[in-house]
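Structure at a glance
Here is what each chain is made of, one letter per residue.
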Amino acid sequence: MLEINNLKAYIDTPDGIVKAVDGVSFSIKAGETIGIVGESGSGKSVLAHSLMQLNPKPPVFYPQGEILFEGKNLLQLKEKELRKIRGNEIAMVYQDPMSSLNPVLKIGDQLMEAILTHNPMTKSEARQRAIELLTDVGIPDPKKRLNAYPHQFSGGMRQRVLIAIALACNPKVLIADEPTTALDVTIQAQILELMKRIQEKYGTAIIIISHDLGVIAQMAEKVLVMYSGRIVEKGNVEEIFYQTAMPYTWSLLRSLPRIDSEAHERLLSIEGQPPNLMNPPSGCNFHPRCPFATEQCKLVDPELTERSADHAAACILSEAEFEEAKKRIETKDQERGQGHD
Amino acid sequence: MLSRKRNLIPFVFLILLFVATITAEWWLPVSPSVMDSGLRLMAPSSENWFGTDHFGRDLFGQTIVAARVSLLVGFTVALLSTVLGTITGLLAGYYKRLDSIIMRIIDGMLAFPSLLLALALVAALGGSVTNIIIALTFSFWPVITRVVRSSVLQVKTIQYVEAAKTSGVKDPVILARYILPNILSPIIVQGTFIFARSILAEAALSFLGVGVEPSIPTWGNMLQESQIYITLAPWFSIFPGIFIVMTVLALNLLGDGLRDAFDPYAKGKKKARKRLFKQKKQYAS
């Protein structure tokens, strides 16, 4: 339904061109959930905004690639046609529920605005629909709540309202950009649960962007791992989590705190910083931080290659070599003592 | 906002002045336009509270009636320049392309001192109430444009604006329902200050002889006529002067009060200071 082919989104800054998204391809079908993970600055948000053509142009431009939504290339549509798609066919849920609602408009007005923008309806019909939506996202006493202002809602409630607004026109694709980052863990679970339920009810395709691997594991069927504007590994959740084939993904997973770890164990981190996207390192973008890096890595920029059906990774190490290297590092860590310095 | 005394007094003063000047014909004991050569330049008395001018006309009545033009000019200029400034400011702040065009024009206009610009315009257009309003509007709206533009730039980056765009809301609707209501407070505050400044500017222009026709009583015209009698009949200058000061002061205080009322931090600070003061007292005793 939504297909992205070799999409490039560059940012033209006074200091040079930043390759924020550099040749990304993936596709999503109805009812499917794709998770996109990566650290800050890996191009997740620019990618998400590209899908809705919401990046400010200039400075962002798209030198290559296409975003096909039901056969139409969004990169070539006019603003007017895009507006028909935004909110109607593709909707978005934002990271920060505290600032995503207009403080001077009532909840009901904002919901009805989203409904009336795309549907020819009378006000009372829109009102009816707004009440339905609020019920759908689990807000008690929706009739009364329509007349409330955003400041009368808690963060979790606001995120529910935002999801209701996003669902206002039954979109085919829902992009959730870090939907739970600003919420505490219990509310987080409720919101994720809600999104799953909505997906089952309406068959919406969900693209969930997060740096929280737990959220991804819970929600997504397929996972894309992004690093410095590229997809470095993609596959099903199980494959990504249990048959990791790319050192970056492995390092990410290893840096997660574990519930069964010793009390004094230090958390592992990935050394160094994400690369400067203005002049990325030679060869593989990850090699300066990669624990497995060899001389070869400084020269060769690995392509995304298939490891098994639907599972691809961008690394020059073969599966066997990677397994061996992992073991070497793990034993080294153990030798250095339980401390994992 | 009006619950505080500091805000209530200027508000009441302005309302009283407005009502008094509108209804002047009905209640003034002495008509301000009747000349009496026997009563020229009389000092304030129980009959003529503010004294009389060089034609023997009652100065109290004149001062009250003169408020009409001042308030009319002040209010109209404030309204027009606020509306114009809001529109241009919204466009400049929201559309990057228009920004550089509009703001360069505004910068050019701001390069002139506003009174000088108004003076030149009135000199070119000719002195009348309408022309003064046009000239002052022209010299004050760049101020509003700047304020509005900077507020728009701030509000525009807040996520609800982007969220509205994401749900396909059209630009005019975003400007009117998502941006404008959230920047109203600085606009209103600035509008009040423009009100005060244009009353002052109108008086200055009339005083300089390029303002309203001399036949219409305004505070500026009165000051101008009184110049040569200042040693002989100081009350002729003092009373219109006091009215200008009081009106402008009242408007500025009102503007300050509005700003405090709109700014949650200012309020919080004051309360916090009071609380601190109380605590200190408690500990001292």
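What you see is a predicted model, and the numbers here were worked out from it, not measured in a lab. (Residues numbered from 1 in each chain as written. Chains lettered and ligands numbered in written order. Predicted model: local features only at pLDDT ≥ 70, side-chain atom pairs only at ≥ 80, totals over all residues. Heavy atoms only, no water.)

**What to know about the overall build of chain B**
Secondary structure assignment for chain B yields 12 helices and 0 strands. The helix and strand sequence of chain B, counted from the amino end, reads α-α-α-α-α-α-α-α-α-α-α-α. For chain B, the C-alpha atoms occupy an extent of roughly 75 × 65 × 35 Å along the three principal directions. Burial status across chain B gives 45% buried among its 285 residues. Surface summary for chain B: the accessible area is close to 14900 Å², and the carbon and sulfur share equals 69%. The average position of the 27 basic charges and that of the 15 acidic charges among the side chains of chain B differ by 18 Å. (Helix = DSSP H or I, 4+ residues; strand = E, 2+ residues; numbered from the N terminus. Buried < 20%, exposed > 50% of the residue type's maximum accessible area, 1.4 Å probe, protein only. Areas by Shrake-Rupley, 256 points an atom, 1.4 Å probe, with all protein chains shown as cover. Lys, Arg positive; Asp, Glu negative; His and termini not counted. Charge placed at Lys NZ, Arg CZ, Asp CG, Glu CD.)

**Details of the environment of A:Ser308**
Residues and elements named next belong to chain A. Secondary-structure assignment places Ser308 in strand S11 (residues 305-308). Judged by its relative accessible area of 31%, Ser308 falls in the partly exposed class. Taking the C-alpha atoms as reference, Ser308 lies 33 Å from Val93; in sequence the two are 215 residues apart. In this structure the side chain of Ser308 is engaged in a polar contact, spanning 3.4 Å, whose partner is the side chain of Glu239. (Polar contact = N/O pair within 3.5 Å; in protein donor to acceptor, adjacent residues only side chain to side chain.)

**Topic: the pairing of strand S7 (residues 173-177) of chain A**
Residues and elements named next belong to chain A. Of all the 5 residues making up S7, 5 are buried; the element is thus mostly covered by neighbouring parts of the structure. Burial along S7 is two-sided: the face carrying Val173, Ile175 and Asp177 and the face carrying Leu174 and Ala176 are both buried. With 5 bridges joining them, S7 and strand S8 (residues 205-210) adopt parallel strand pairing. Of the residues in S8, the one forming a bridge with Ile175 is Ile207. (Pairing = 2+ DSSP bridges.)

**Regarding the sheet that holds strand S2 (residues 16-28) of chain A**
Residue and element names in this part refer to chain A. Taken together, the 4 strands give an open sheet; going across it, the order is S2-S1-S4-S5, and neighbouring strands pair in antiparallel fashion. In the strand order of this sheet, the two ends are held by S2 and strand S5 (72-73), each with one partner. The sheet contact formed by strand S1 (residues 2-13) and S2 spans 10 bridges and is antiparallel. Across the sheet, Ile11 pairs through a bridge with Val18, a residue of S2. Sheet strands touched by helix H1 (residues 44-51): S1, S2 and strand S4 (60-69). Its angle to S1, the strand with the most contacts, is close to 115 degrees. (Contact = heavy atoms within 4.5 Å. Axes fitted to C-alpha atoms, helices over the stretch in contact; angles between N-to-C directions.)

**Side note on the interface of chain B and chain A**
Listed by partner, the interface residues are 16 residues for chain B and 24 residues for chain A. For the chain B face of the interface with chain A, the top three residues by lost area are B:Gln159, B:Thr166 and B:Arg177, together amounting to 33%. Seen at the junction of chain B and chain A, the total is 1 salt bridge. Two residues, B:Arg177 and A:Glu113, come together in a salt bridge whose shortest N-O distance is 2.9 Å. Our count for the chain B to chain A interface comes out at 12 residue pairs in polar contact (both at pLDDT 80 or more). When residues of the side of chain B that touches chain A are traced back to their parent elements, those giving at least two are helix H7 (159-166) and helix H8 (171-179) of chain B. With 6 residues, H7(B) is the largest single contributor of residues to the side of chain B that touches chain A. (Buried area = accessible area lost by both parts, 1.4 Å probe. Salt bridge = Lys/Arg side-chain N within 4 Å of Asp/Glu carboxyl O.)

**Considering the domain arrangement of chain A**
Residues and elements named next belong to chain A. Assigned domains of chain A: these are domain 1 (2-220) and domain 2 (244-335). For domain 1 and domain 2, the distance between their C-alpha centroids amounts to 31 Å. Of the residues lining the interface, 12 residues belong to domain 1; the matching set on domain 2 comes to 8 residues. Buried area between domain 1 and domain 2, summed over both chains or domains, comes out near 850 Å², and the portion from carbon and sulfur atoms is 65%. Counting the contacts that link domain 1 with domain 2 gives 1 salt bridge. Where Glu39 meets Arg289, a salt bridge forms, and the shortest distance between an N and an O atom there is 2.9 Å. On the surface where domain 1 and domain 2 come into contact, there are 2 residue pairs in polar contact (both at pLDDT 80 or more). It is S2 that provides the largest number of residues to the side of domain 1 that touches domain 2, a total of 5 residues. (Domains from an automatic or database assignment.)

**Notes on the sheet that holds S8(A)**
Two strands in a sheet stick together by hydrogen bonds in their backbones, pointing the same way (parallel) or opposite ways (antiparallel). Residues and elements named next belong to chain A. Read from one edge to the other, the open sheet built from 8 strands follows the order S6-S7-S8-S3-S9-S10-S12-S11, with strand pairing classed as mixed. Every interior strand has two partners, whereas the edge strands, strand S6 (90-93) and S11, have only one. Across this sheet, the average inter-strand angle for adjacent strands is 25 degrees, counted without regard to direction. For S11 and strand S12 (residues 311-313), the ladder comprises 3 bridges, and the chain directions are antiparallel. Residue pairing in the sheet places Ser308 in a bridge with His311 of S12.

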